Amino acid sequence: EAEVAQSPRYKITEKSQAVAFWCDPISGHATLYWYRQILGQGPELLVQFQDESVVDDSQLPKDRFSAERLKGVDSTLKIQPAELGDSAMYLCASSLGEGTGANVLTFGAGSRLTVL
Amino acid sequence: AQSVTQLGSHVSVSEGALVLLRCNYSSSVPPYLFWYVQYPNQGLQLLLKYTSAATLVKGINGFEAEFKKSETSFHLTKPSAHMSDAAEYFCAVSDGTGGFKTIFGAGTRLFVKA
């Protein structure tokens, strides 16, 4: 069964350090999403890509967060510098982007970030 | 703008009892509605989705949900809870605009007692 791959699964870092997360969506999925999930809360959309273009990054803290999907396949989410409040699970999801499965999201296992 | 409200951050039922998780939504256009489940330290998995074909939607693991437009609700039910149903459940809405942006509720944690 096709999966969304994410790495690393766990990351512990000190505040002010740089952190990067990687996501490889299901092959053929045009839409890729990065969500942040703080413990005890629902996922919050950070950025959404359609192929290599950003569709929505209105909730991305652009002073410290950046995301790219250069070739429209895999994606990287970066935080620099990390702050204590960034401790969360970072979830990547993908969808077909068109047709009947356009808005059905398939999630990866997530990357749990702890900032000390 | 679309939004989702899940009533009750925690629900506890006995094994074999009815499960009812509540979700109300707000959307300016006919919405797509979803329920996802999340097990500890894992990503979310799709339970079921509503896309206007039928108001009663059946999903995996015996779950179903009913779309009620007049009540703007999409409650999730299961007739008989099993220990393996213990997890966090998220209701989500997508209005099909903005590249199918999907908004999630805060989640309801389901506890199942033996």
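What you see is a predicted model; the values in this text were computed from it and never measured.

Undergrad: Give me the interface of chain B and chain A: which residues, what numbers.
TA: Opposite the 20 residues of chain B that make contact, chain A presents 26 residues. When chain B packs against chain A, close to 1700 Å² is buried across both sides, 51% of that on carbon and sulfur atoms. Connecting chain B to chain A are 1 salt bridge. The salt bridge involving Lys-101 of chain B is made with Asp-56 of chain A; its shortest N-O contact spans 3.1 Å. Linking chain B with chain A are 5 residue pairs in polar contact (both at pLDDT 80 or more). When contributions to the side of chain B that touches chain A are tallied by element, the ones reaching two or more residues are strand S4 (32-38), strand S5 (44-50), strand S9 (87-94) and strand S10 (102-104) of chain B. When residues in the side of chain B that touches chain A are grouped by element, the largest group, 4 residues, is from S4 of chain B. A class-by-class count of the residues in the side of chain B that touches chain A yields 9 nonpolar, 9 polar and 2 charged.

About the criteria used
Residues numbered from 1 in each chain as written. Chains lettered and ligands numbered in written order. Predicted model: local features only at pLDDT ≥ 70, side-chain atom pairs only at ≥ 80, totals over all residues. Heavy atoms only, no water. Contact = heavy atoms within 4.5 Å. Buried area = accessible area lost by both parts, 1.4 Å probe. Salt bridge = Lys/Arg side-chain N within 4 Å of Asp/Glu carboxyl O. Polar contact = N/O pair within 3.5 Å; in protein donor to acceptor, adjacent residues only side chain to side chain. Helix = DSSP H or I, 4+ residues; strand = E, 2+ residues; numbered from the N terminus. Nonpolar A, V, L, I, M, F, W, Y, C, P; charged D, E, K, R; others polar.

Shape descriptors only; they carry no functional weight alone.
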